[in-house]
Amino acid sequence: MDEITDLPIDLPSVCRKKITAAFDGGRITSDGGVMLLSAAERRIGIIDRLWRLIPDRRNPFLVTHSVASILKARIFAIACGYEDGNDLGFLRTDPAFKLACGRLPEEGKDLCSQPTLSRWENAPDIRSLIRLTYALVDQYCHSFGSAIPALITLDIDDTVDVVHGRQQMSFFNAHEGEYCFKPIHVYDVATGRPVVVILRPGKTPSGKEVRGWVRKIVRRIRKHWPDTHITLRGDGHYARPEVMAWAERKGVDYIFGLPGSKPLHAKVEAFADHIRVVRAEQAAAAVRGYTEVRHGAGSWGCERRVIARIEATPLGLDNRFVVTSLADPDPETLYAKIYCARGNAENLIKLHKSQLKSDRTSCRCPLANQMRLILHTAAYWLVLAVRDQIPKAHKLATAEFNTIRLRLLKIGARISETSHRVKIAFAAACPEASLFRHIMAALKPAPA
């Protein structure tokens, strides 16, 4: 890499001493924390799991950039805040990124360029993408190691992804007022781990479509854990008769939000009137109560347990409903503690979408956009692996990904290479130096 020798920058003097600045500091990186991501990858193996599923038909004697190195460069860049493939134009010579991808900072060849990266983002066909998507589910299951859970709750939700043009599969969504995709995100909220992210058109999913996705995900999980009990949780988009009937046949529990209807409001009217009277007698700002009824919509073909949350305020009644296959516990616990916990899934979507920029699905082809979602999910796994090694009592133990990036990944370092070693000299004033040491030690592979 050629040194930058532009004219120095004059800055205001301090204590009568002239200050100049220039970009001539040598092999300095602003992303020294990418080495944590490299250590996390060696620990969890998400990139190693993915690249083996992408067919490489190139002549091996003419290959400069392996599929593994291409995916590493792209995923590490996403995790460090470089969501645009064009950023590889300068990151390909960054000494820290080269080291993280297994290349020497001076003698090693530069990483792949943006055109090479784009070709591989568009390379996987539909069969390869199906295998890669299943690999995300496999990664979720393998992340538990030998501690197979007795039960898990999967939160399923879709989010708006405004398109950057008129890409294939983009629809105009009247509710959002935008041309968009509506990808489905599935998480295990209890652990914060992603299960799968699936690109789909910008419209509300039908019951048949949701049933198809849920069936594939559950089937894949049960290949690893045949005895684990699974509960599905989602909002009113997923309370479809096809989904509930399938779940009941397969022994999968569910708890879904349920849109209110006139027959449903009529069934809880007596209880709602009682809550209204109690609030009036107490002159309270709000009084909340819970009840349950048996209800069967016309398309259900049977009656199911419906939980109602009734809240009376001076402005009137606010009735909310959920439908569930769970026989226990009581209505208040089911709604307030079990169902409302799905709100944490929206926080996880925010990490994926807003802080790792997974909404940069700007390719024309939907296959390439699904590939991008897979790459961003892999970056999610790496940052999560780093955060999981932070001691629970530390202030960053539950930090958002932007904070993890700022405090642990965006660390200045000077990298020097000699004939026998490579030295990374981190900034002496790094405020998280001791935490960085702890995480790197925790991610160090066990001796063979």
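For the structure, check the block above.
Residues numbered from 1 in each chain as written. Predicted model: local features only at pLDDT ≥ 70, side-chain atom pairs only at ≥ 80, totals over all residues. Heavy atoms only, no water.

**Q** I'm lost on the sheet that holds strand S12 (residues 287-295) in this one. Help?
**A** Strand pairs in the sheet, formed through backbone hydrogen bonds, run parallel or antiparallel to each other. The mixed open sheet is built from eight strands, whose spatial order is S9-S8-S4-S10-S11-S14-S13-S12. Where the open sheet ends on each side, the last strands, each with one partner, are strand S9 (193-198) and S12. Taken pair by pair, the neighbouring strands of this sheet meet at an average axis angle of 20 degrees, ignoring direction. Here strand S8 (residues 184-188) runs beside S9; their pairing, made up of five bridges, is antiparallel. Across the sheet, residue isoleucine 184 finds its bridge partner in S9, namely isoleucine 198. Contacting S12, strand S13 (304-313) and strand S14 (316-324), helix H11 (residues 269-282) crosses the sheet at an angle of about 175 degrees to S12. (Pairing = 2+ DSSP bridges. Helix = DSSP H or I, 4+ residues; strand = E, 2+ residues; numbered from the N terminus. Axes fitted to C-alpha atoms, helices over the stretch in contact; angles between N-to-C directions. Contact = heavy atoms within 4.5 Å.)

**Q** Before we go on, may I ask you to explain the packing of helix H1 (residues 34-44) against helix H14 (residues 366-388) in this structure?
**A** When two helices pack together, their arrangement is captured by the angle between the axes and the distance separating the axes. One way to put it is that H1 packs onto H14 with a least axis distance of 9 Å and a crossing angle of 95 degrees. If you check the angle between H1 and H14, you find them roughly perpendicular. Here Leu36, Leu37, Ala40, Glu41 and Ile44 of H1 lie close against H14, whose contacting residues are Trp381, Leu382, Val383, Ala385 and Val386. Split into classes, the residues belonging to the contact of H1 with H14 amount to nine nonpolar, no polar and one charged. (Parallel < 35°, antiparallel > 145°, perpendicular 65-115°, else oblique. Nonpolar A, V, L, I, M, F, W, Y, C, P; charged D, E, K, R; others polar.)

**Q** Can you help me understand the sheet that holds strand S16 (residues 422-426) in this one?
**A** Spatially, three strands are ordered S3-S15-S16 in an open sheet, and the strand pairing comes out antiparallel. Among the strands making up the open sheet, the edge pair consists of strand S3 (28-29) and S16.

**Q** What exactly am I supposed to notice about the state of the cysteines here?
**A** Covalent bonding between the sulfur atoms of two cysteines is what defines a disulfide. One pass over the full model with this rule turns up zero disulfides. Cysteine 101 supplies the cysteine sulfur nearest to cysteine 80, a cysteine that is in no disulfide, at a spacing of 10 Å. Note on cysteine 80: relative accessible area 1%, which makes it buried. With no disulfide partner, cysteine 363 has as its closest neighbouring cysteine sulfur the one in cysteine 365, 8.0 Å distant. (Disulfide = S-S within 2.5 Å. Buried < 20%, exposed > 50% of the residue type's maximum accessible area, 1.4 Å probe, protein only.)

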